[in-house]
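Chain and residue survey
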Amino acid sequence: MQHRLEQAAPLWQGAGNASSRQPQRPAESLAMNFETIKLDVTSNIATITLNRPDDANALNAQMAQELFHASVYCANDAEIRAVVITGTGRMFCAGGDLKDMHEQGEDKPAHVVRMATYLHAAITRFAHMDAPVVMAVNGTAAGGGFSLALAGDYVLAAQEAKFVSAYTASGLTPDGSSTFYLAKHVGLLRAKELLFTNRRLSAEEACAWGIVNKVVPAARLMEEAEELAANFASGPTKAYGGLKRLLLTAYSDTMETQLEKETQGISGMMRTHDGPHGLESFLDKNRPQFKGR
């Protein structure tokens, strides 16, 4: 079953308890109207497509807000067990819409606060949700698009894709999580190189540096992303979520704190369906049928 969410809801809508949701509800029952992104849900996989191709899929305030609404929807719908994020056209995302920012006049600082707050809330939801997030980088990822790509749990890139920080070229500092993720992916010295010099990496270079997991031909990008997402969607979703949250503190917590979180995490899996089922399946030499709960 497939649907597209079509209307923009107020900030507080869509953040309710997942247990109150009906899985795969028809689009007309949803109070969302997206204009800068598309959100399609098929077979437990949500595909979010940045959809401003005439503006290089640049992030404006509306796109940041709509990404937030999409992230809340995905995080709170228990039927969504994997997420794919990609772009329409030749670009993944050219970064922030600098023309739109410039036109704000004296309101520029407040405008950027509003925009970054929505974008960062979206990235936080993607990081903390159980469903793995696959980035399918179809073209250049620059500025905020570069940051967004870094926030994926698994990053696929088309052979033509390019990666560049670009912030300091416009006299700006980074946002969108790149200062959190980049050094973890490539090391501090290489992170400084990319952020200070705006060196442009090809897809193959980004893969060699640890920014991308796999480079594929453009014609196969979405097929590969969908296959990967389908594998995740049939997996132990609660375990994936616990793993994601453990890795978020891998560089910040002490060993003792991290080990205690591991203890709480693995014991918590014994209160899910999939944990005991996985043990039983292994002992019986059967392939587990995970339900994501």
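That block above? That's the structure.
Summarised in this report is the structure supplied together with it. (Residues numbered from 1 in each chain as written. Predicted model: local features only at pLDDT ≥ 70, side-chain atom pairs only at ≥ 80, totals over all residues. Heavy atoms only, no water.)

1. With respect to the pattern of salt bridges
Short version of the rule: The rule for a salt bridge is simple: a side-chain nitrogen of Lys or Arg has to be within 4 Å of a carboxyl oxygen of Asp or Glu. Think of it in three bands: with a 1.4 Å probe and only protein chains considered, a residue is buried below 20% of the maximum accessible area for its type, exposed above 50%, and partly exposed in between. Numbering goes from the N terminus for both helices and strands, where a helix is a DSSP run of H or I of at least four residues and a strand is a run of E of at least two.
Tallied over the full model, the rule gives 13 salt bridges. In this structure, the salt-bridge partner of E103 is K99, at a minimum N-O distance of 2.6 Å. Owing to a relative accessible area of 51%, E103 belongs among the exposed residues under this scheme. The partner of D130 in a salt bridge is R245, with the nearest N and O atoms 3.0 Å apart. With D130 in the loop between α3 (108-128) and β6 (133-137) and R245 in helix α9 (residues 237-248), this residue pair connects regions lying 115 residues apart in the sequence. A relative accessible area of 18% means that D130 is categorised as buried. Classification of R245 by relative accessible area gives partly exposed; the value is 33%.

2. Here's the deal with the nonpolar core
Defined as follows: Here, nonpolar core means buried Ala, Val, Leu, Ile, Met, Phe, Trp, Tyr and Cys residues that are tied together by side-chain atoms lying within 4.5 Å of each other. Any two residues having at least one pair of non-hydrogen atoms within 4.5 Å are treated as being in contact.
Counting residues in each nonpolar core, the largest one holds 57 residues, and the members touching the most others are I48, V83, V137, F163 and I211. Broken down by element, the residue count for this core peaks at eight residues, all from helix α1 (residues 61-76). In contact with V83, other than residues within four places in its own chain, are A46, I48, C74, F126, M129, A131, P132, V133 and V134.

3. Considering α1
To be explicit about the condition: Multiply 1.5 Å by the residue count of a helix minus one, and that product is the helix's expected span.
If you check α1, its first and last C-alpha atoms are 23 Å apart, about what 16 residues at 1.5 Å a residue would give, namely 22 Å. Taking burial as the measure, the 16 residues of α1 include twelve buried ones, the bulk of the element.

4. Considerations on unusual backbone geometry
If you check the backbone angles, A56 has positive phi at about 60° while not being a glycine. Note that A56 resides in the loop between β3 (45-50) and α1. Of note in this structure, A166 is not a glycine but carries a positive phi near 70°. Note that A166 resides in the loop between β9 (162-164) and α5 (178-186).

5. Let's talk about the sheet that holds β9
Convention followed: DSSP calls a pair of strands paired once it identifies at least 2 bridges connecting them.
The four strands lie next to each other as β5-β7-β9-β10, forming an open sheet whose pairing is mixed. In the strand order of this sheet, the two ends are held by β5 (91-93) and β10 (201-202), each with one partner. Note that strand β7 (residues 140-142) and β9 share two bridges and pair parallel. Note on β9: the bridge partner recorded for A142 is V164.

6. Side note on the pairing of strand β8 (residues 154-158)
The buried fraction of β8 amounts to four of the five residues, a majority that puts the element mostly inside the structure. Pairing geometry for β8 and strand β11 (residues 214-216), over three bridges, is parallel. Looking at β11, one finds that A158 is bridged to V216.

7. A few points about the environment of R271
Here R271 lies in the loop between α10 (255-269) and α11 (274-283). Separated by 22 residues in the primary sequence, R271 and R293 have C-alpha atoms spaced 9.5 Å apart.

By themselves, these figures tell us nothing about what the structure is for.
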